[in-house]
Amino acid sequence: MSEKTIFKRIIDQEIPADVVYEDDLCMAFKDIVPKAPVHVLIIPKKEIATVDDLADDDAALIGHMWIVIRNLARELGLEEGYRVIVNCKEGGGQEVPHLHYHLLGGRKMSWPPG
Ligand code: 5GP
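About the thresholds
- Residues numbered from 1 in each chain as written.
- Predicted model: local features only at pLDDT ≥ 70, side-chain atom pairs only at ≥ 80, totals over all residues.
- Heavy atoms only, no water.
- Helix = DSSP H or I, 4+ residues; strand = E, 2+ residues; numbered from the N terminus.
- Contact = heavy atoms within 4.5 Å.
- Near = heavy atom within 4 Å.
- Polar contact = N/O pair within 3.5 Å; in protein donor to acceptor, adjacent residues only side chain to side chain.
- Areas by Shrake-Rupley, 256 points an atom, 1.4 Å probe, with all protein chains shown as cover.
- Nonpolar A, V, L, I, M, F, W, Y, C, P; charged D, E, K, R; others polar.

Caption draft 1: A look at unusual backbone geometry. Note the cis peptide between Trp-111 and Pro-112, where omega equals 0°. Structurally, the position occupied by Pro-112 is in the segment after β5 (101-105). Even without a glycine there, the phi angle at Gln-13 is positive, about 60°. Following the sequence through the fold, Gln-13 ends up in the loop between α1 (6-11) and β1 (19-22). Positive phi, normally seen in glycine, also occurs at Lys-89, with a value near 65°. Inspection of the secondary structure assignment puts Lys-89 in the loop between β4 (82-85) and β5.

Structure (structure tokens):
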């Protein structure tokens, strides 16, 4: 059996995280190395490694996560705007193989990202 990812261990409460939101389908917690004044990771509780691994019937889950992101942005005071990023696989800069959205805000974002 493959080893649990760090995010699965957070879901299973084996390691602590600064959780800002949780429901049956997903959770959100602060990034341990924030790249902006607000940097929250939103993850599904279902183990999905990457965007490439999404199944067609994950569509409702993903839609739900976007509503959670919208609500969190409001709650975290990001009225000026924010950025949502998903890195996909090593070439896309993904380090943790458990699907996650980065919600970044609280500073002006530059474009293009590196
Ligand atoms: P990725 O590069 O996979 O898109 O992003 C992984 C993110 O997870 C990074 O921004 C990294 O700082 C964050 N991270 C890695 N390990 C932990 C951890 O144990 N706790 C938290 N809260 N964030 C983590």
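On we go from here.
Caption draft 2: Up close: the environment of Asp-52. The residue Asp-52 is located in the loop between β3 (38-44) and α2 (59-75) in this model. For the pair Asp-52 and Cys-88, spaced 36 residues apart in the sequence, the C-alpha separation amounts to 7.5 Å. Dropping the residues within four chain positions of it, Asp-52 is found in contact with Cys-88 and Lys-89.

Caption draft 3: Structural detail: the site of the ligand. The environment of the ligand is formed by 17 residues, the closest being Asp-31, Lys-35, Glu-95, His-100 and His-102. In the model, an oxygen atom of the ligand is placed 2.8 Å from a nitrogen or oxygen of the Lys-35 side chain. In the model, an oxygen atom of the ligand is placed 2.9 Å from a nitrogen or oxygen of the Val-96 main chain. Protein coverage of the free-state accessible area of the ligand, which is 520 Å², stands at 87%. Elements that contribute at least two residues to the shell around the ligand include exactly α1 and β2 (26-30). No other element matches the 3 residues that α1 contributes to the shell around the ligand. Partitioning the shell around the ligand into residue classes produces 8 nonpolar, 5 polar and 4 charged.

In short, geometric facts, not functional conclusions.
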